[in-house]
Amino acid sequence: MLARPAKAFQRSTLIKKDTMQTNDPALTSELTSFIPTRPESHFPIQNLPLGVFSTVADPAPRVGVAISDQILDLAILAEAGLLQVKPAIFRQASLNAFIDLGRPIWRSTRAAISDLLRADNPQLRDNQVLRTKAFVAQDQATLHLPVEIPGYTDFYSSKEHATNVGAMFRDPANALLPNWLHIPIGYNGRASSVVVSGTPVRRPNGQLKLPDVEAPVFGACRKLDFELETGFVIGQPNALGEPIDITNAEQHIFGMVLLNDWSARDLQQWEYVPLGPFNSKSFATSISPWVVSMDALEPFRVASPLQQPEPLPYLKQDGKNGYDITLEVSLKTAQSTTPQTICRTNFKTMYWTMVQQLAHHTVSGCNTRIGDLMGSGTISGSTPGSYGSLLELTWNGKNPLVLADGSQRTFIQDGDEVAMTGWCQGDGYRVGFGAVSGKVMPARG
């Protein structure tokens, strides 16, 4: 699987051990990357997220790294002997083969790329022939689903979101169900319908139970919604029957993406008792094309909300296990020329953490596989403008959202495009996820 390390790779590894880490805030892009990067860019040298792309000139999907407004083709670097990994690993339609190499290779490859992009390293900077081959403008590339996803699980981990939904449909005085404060609630979703950002989303058909009709009817969803989420990708699997201990769970996570858990609220309300969502969620889930590594997010760790009652021992965690990620949602109607921001919130409010989700998911002995996707659940804050779904923003349609052009929305209409973005704000730089977007198409029939 591995080629003999080139001298260039050995040099970069030594430099990183002796000087800066790849996520060091001192690596301000203007000073240390020869690729110009604006402070508001999501992809400075501290980020280096991985994705899969293709071009008109070379339509074969392959692995690249986002840097500023460019994509660095890792297969080209490997063929030039500048990376330790064989070129064939990067000439893949997913990241799975690279992920399978393990954490030491993820980190050494990241260190080598970081070193090659530094302004004080002439190796790539001054090789104009190699630069012409290796760099592609992002707006000239097609981005693909970054990982092959064997399984998809979605959680329900925002206390604010769960409280809002419970107050809306049950008893406001007892909004949370008795189990919610004890376990990270989740359900197994449909991996086959996870799509990359930009893929159109077809409005689903299904059974609807209208308030004034005794029997259900069949028809197009009337309450189509988004759910603002993040997702994490499994990088190290566990065997069937062998749970992942919470003290080791973080080592099993490869990175994070943005995630839109499209939801048909009217289908969901009719079908979710007694086993939870089914057709109301399985028609589409959108994710962002760039996978941001946990190393890139490390400087933005924060303490999670206090958990009361104290979780059972297998869910107890130490240290800072939340992340300060600013999140926004915008809506662009078919009639408008510009999108309008309708939600602003932050991932740090999440009650249940990623490591708790993974520890609970596997405590029964459930095995995970490389590329498995775990959704955070809707991320909502404590104020109306920070609610991560139209269900909450309009309180199930009772308080329509008035847009800048005078139009109103209770739920998503055909032709609407929903976009989500997120980033961690450093001192003069951002580590971002880019965006995940999808435009809604009419239902079939």
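Whatever comes next refers back to the structure up there.
Residues numbered from 1 in each chain as written. Predicted model: local features only at pLDDT ≥ 70, side-chain atom pairs only at ≥ 80, totals over all residues. Heavy atoms only, no water.

Caption draft 1: View of helix α13 (residues 354-362). With eight of nine residues buried, α13 lies mostly within the body of the structure. All of the buried residues in α13 are Met354, Val355, Gln356, Gln357, Leu358, Ala359, His361 and Thr362. (Buried < 20%, exposed > 50% of the residue type's maximum accessible area, 1.4 Å probe, protein only. Helix = DSSP H or I, 4+ residues; strand = E, 2+ residues; numbered from the N terminus.)

Caption draft 2: Helix α6 (residues 103-117), seen in detail. Taking 1.5 Å per residue, 15 residues should reach 21 Å; α6 reaches 21 Å between its end C-alpha atoms and fits that length. Within α6, 13 of the 15 residues are buried, which leaves the element mostly enclosed by the surrounding structure. (Expected span 1.5 Å × (residues − 1).)

Caption draft 3: Highlighting the sheet that holds strand β2 (residues 62-67). Taken together, the five strands give an open sheet; going across it, the order is β4-β3-β2-β1-β5, and neighbouring strands pair in antiparallel fashion. The open sheet has two free edges, formed respectively by β4 (135-137) and β5 (142-144), since each of these has just one partner strand. Shown here is a sheet whose adjacent strand axes are inclined to one another by a mean of 45°, direction ignored. In terms of strand pairing, strand β1 (residues 50-54) meets β2 through four bridges, oriented antiparallel. In the strand pairing of β2, leucine 50 is matched with valine 65. (Pairing = 2+ DSSP bridges. Axes fitted to C-alpha atoms, helices over the stretch in contact; angles between N-to-C directions.)

Caption draft 4: The nonpolar core, seen in detail. In this structure, Phe226, Met256, Leu297, Ile342 and Phe347 are the most contacted members of the largest nonpolar core, which totals 62 residues. Non-local contacts of phenylalanine 347, meaning those with residues more than four positions away in its chain, are made with Thr230, Met256, Tyr323, Ile325, Leu327, Met354, Ser376 and Ile379. Formed by 47 residues, the second largest nonpolar core is a distinct cluster that contains Leu50, Leu83, Leu124 and Val194. (Core = buried A, V, L, I, M, F, W, Y, C linked by side-chain atoms within 4.5 Å. Contact = heavy atoms within 4.5 Å.)

Caption draft 5: Layout of the packing of aromatic side chains. Counted according to the given criterion, the structure contains seven aromatic pairs. A centroid spacing of 6.2 Å and a plane angle of 85° characterise the contact between phenylalanine 34 and phenylalanine 135, whose relative ring orientation is edge-to-face. Taken as a pair, phenylalanine 34 in the loop between α2 (29-32) and β1 and phenylalanine 135 in strand β4 lie far apart in primary sequence, 101 residues in all. You can call phenylalanine 34 buried: its relative accessible area is 14%. Each residue in the set Trp180, Tyr351 and Trp352 is aromatic and connected to the rest through ring pairs, giving one cluster. (Phe/Tyr/Trp six-rings, centres within 6.5 Å; stacked < 30°, edge-to-face > 60°.)

Caption draft 6: Geometry of the side chain of glutamate 227. For glutamate 227, the position within the fold is in the loop between β12 (224-225) and β13 (228-234). The class for glutamate 227 is buried, based on a relative accessible area of 5%. For glutamate 227, the residues in contact, after removing those within four places along its chain, are Asp154, His161, Leu259, Asn260, Asp261, Ser263, Arg265, Lys281, Thr378, Gly388 and Met420.

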